[in-house]
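What follows is each chain in one-letter form.
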Amino acid sequence: HTHTHTQQSLSPRLGSRARRTTTSVAARLPLSPLFRCGLSDWLPDMAANFWLSSHCTQWLLEPAAVQVAIDRDPTLQSTDDCVALHIYFAEVIQKLANALTFKQQIAATAQVYFKRFYFKHSFSSVDPFLLSVTAVYLAGKVDEYGPSLKSVVSAAARVRRNGLESCWRAPVLSEHVVSCEFWLIQEMGFCLVVFHPYVPLIEYGNDCGHSEELVPVAWSVVNDTYRSNIALLYPPYLTALAALQVAAAIKGKDISGWFSELSVDTREVMDLMNLILDLYRTLDAYDESVVVRQLIPHIAATTAQLDREAQA
C-alpha cells in the first residue's frame, strides 16, 4: 500500500453528489455503501476502499488494547503522561510539516504513523524527535509529495533551533532517518494507507446545508483530534460526523433533522463527541513545560538505564 487517501463518499445519498474519477482498476473494487473512493491514478489492490484497507482491518484498535500498550511502557508513569507526550509531539510534527509547506493531510498521516509506532513500542525505544522527523518524511513520500531527505533534515534543524534545543538535544542526521524509516514501516506491518476525515467532512457539510459556517470550525476540530488517539480508535467518517456536530453546537446550528436521516450508529457518534470534548478539557489543562522539564528528560533517563541493563 503506497498511497494516502482522503477521498471518501459517505452514503448512497451523498455519493451522487461527489465527484469521482476512477480508473478501470478502481471501478472493479467493491464499494461500501458508506465509502466510495475517487482516484486519479492507479491504486494497489484493496487500497481504494476503506472497509478493505489495512487502516480498517489492522489499524482500528480497541480502547483496551491502547491502554495495555500505555501500561506496559516503562517510560510512562501514568496515562496522563502518554496523553501529554502525544499532544506535544503532534505539535512537533505539525511544525515540521509547516516548515516543509506540506498540506494538512500529510501532517495528519505523520501523526498517525507516530501513534501506530508507539502503540507497539515504548517511548524509550526510539527518540521521539527522530521518529517525528521520520514520520513526516515517510508521509510526504507516501502522499507522493516527494520531499528530499536533505530538505526534511534541514527543516528539522530549523524547527529544533526555533525554541526546541533545550529538550531536542541531538540533531537529526540523514542516516538516522533512513534507519528509522525502515523500522517504522516494518513495525506498522507495511500498512501505509491512512484515510482521513477531511473529504467526508466537506461532503457532510455540503449535504447538511451549512458548509460555509460549520466546515471551517469542524476542520479545526478534526485537526485537534490528531493530538489524541482518536485516529487509532474510530473510522474517519465517524470523526467527520462528530466534528460537524461539535461545530454545530459551537455555532448554534440545529442539524439534528439531517443527522437523524443518516444510517450511522448515533451512540458511537455521541461517544466520539464526548471524547472530543474531553480532549479540549485536556488541552485547556495541558502544560508544555511539564513535558519539556519532566517527561522528555525522564524518557532519556529511562532509555539510558535500559541500555545499561542490556549491556550488563
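Each chain carries its own residue numbering, running from 1 in the written order of its sequence. In keeping with the predicted nature of the model, local features appear solely for residues at pLDDT of at least 70, side-chain atom pairs appear and are counted solely at 80 or more, and the whole-chain, interface and lining totals rest on all residues. Side-chain measures were taken over the full set of non-hydrogen atoms in the model, leaving aside hydrogen atoms and water.

Novice: Give me the lowdown on the overall build of the protein, citing residues and values where you can.
Specialist: Broken down by element type, the protein carries 16 helices and zero strands. The buried share among the 312 residues of the protein stands at 54%. Once local pairs closer than 6 in sequence are excluded, the contacts in the protein between residues at least 24 apart make up 75%. Only the protein chains shown count as cover for residues, and all accessible areas are computed by the Shrake-Rupley method using a 1.4 Å probe. Carbon together with sulfur atoms contributes 52% to the accessible area of the protein, which is approximately 14100 Å² in total. Per the convention used, a helix needs a DSSP run of H or I reaching at least four residues, while a strand needs a run of E reaching at least two, with both numbered from the N terminus. A simple rule labels every residue: compare its accessible area, found with a 1.4 Å probe on the protein chains alone, to the largest value its type can have, and call it buried under 20%, exposed over 50%, or partly exposed in between. Here, two residues are considered to be in contact whenever any of their heavy atoms come within 4.5 Å of each other.

Novice: A description of the layout of surface pockets should follow, citing residues and the corresponding values.
Specialist: The pocket and cavity definitions rest on a 1 Å grid over protein atoms only: a 1.4 Å probe that fits but cannot leave marks a cavity, an open set with protein on both sides within 12 Å along at least five of seven lines marks a pocket, and residues lining either have an atom within 4 Å of a point. Grid points are joined across faces, edges and corners, and a volume is the space filled by probe spheres set on the points. Taken as a whole, the largest pocket holds about 670 Å³ of empty space. At the level of elements, α4 (63-71), α5 (79-99), α12 (230-233), α15 (266-285) and α16 (288-311) are the ones that each hand at least two residues to the lining of the largest pocket. Its residues assigned to classes, the lining of the largest pocket shows 16 nonpolar, six polar and five charged. Gly is placed with the polar residues, together with every amino acid not listed as nonpolar (Ala, Val, Leu, Ile, Met, Phe, Trp, Tyr, Cys and Pro) or charged (Asp, Glu, Lys and Arg).

Novice: Hey, could you go over the environment of Ala248 for me, with residue numbers and the actual values?
Specialist: Note on placement: Ala248 falls in helix α13 (residues 236-251). For Ala248, a relative accessible area of 3% puts it in the buried group. C-alpha separation for the pair Ala248 and Glu213, spaced 35 residues apart in sequence, amounts to 8.6 Å. Contact partners of Ala248, with chain neighbours within four places excluded, come to Leu214, Lys253 and Ile255.

Novice: Could you give me a rundown of empty space enclosed by the protein, with the residues and numbers involved?
Specialist: The probe, sized like a water molecule, is rolled over the atoms to show the empty space still left. The final tally for this structure, using the stated rule, is two cavities of 30 Å³ or more. Surrounding the largest cavity, 13 residues form its lining, Ile70, Cys82, His86, Tyr118 and Phe119 being those nearest its centre. Class assignment for the residues of the lining of the largest cavity results in nine nonpolar, two polar and two charged. The computed volume of the second largest cavity comes to approximately 80 Å³. If you go around the second largest cavity, the residues you meet are His55, Val112, Phe195, Pro197, Thr225, Tyr226, Ile230, Ala231, Tyr234, Pro236 and Thr239.

Novice: Kindly report on unusual backbone geometry, identifying the contributing residues and their values.
Specialist: At Thr101, a residue that is not glycine, the phi angle is positive and equals roughly 55°. Inspection of the secondary structure puts Thr101 in the loop between α5 and α6 (104-120). Notably, Phe190 is not glycine yet its phi reads approximately 60°, a positive angle. Looking at where Phe190 falls in the secondary structure, it is placed in the loop between α9 (174-187) and α10 (198-208).

Novice: How would you sum up the pattern of salt bridges? Please name residues and give values.
Specialist: What counts as a salt bridge is simple: a side-chain nitrogen of Lys or Arg found within 4 Å of a carboxyl oxygen of Asp or Glu. Applying the stated criterion across every chain, the model contains seven salt bridges. Residue Lys103 is joined to Asp143 by a salt bridge in which the shortest nitrogen-to-oxygen separation is 3.1 Å. Here Lys103 is found in the loop between α5 and α6, whereas its partner Asp143 is found in the loop between α7 (128-142) and α8 (149-161), with 40 residues between them in sequence. We classify Lys103 as partly exposed; its relative accessible area is 43%. For Asp143, a relative accessible area of 19% translates into the label buried. Put simply, Arg227 and Asp224 hold a salt bridge, and the shortest N to O gap is 4.0 Å. Of the residues examined, Asp224 reaches a relative accessible area of 17% and is grouped as buried. Each of Glu91, Asp224 and Arg227 takes part in one network of salt bridges that share partners.

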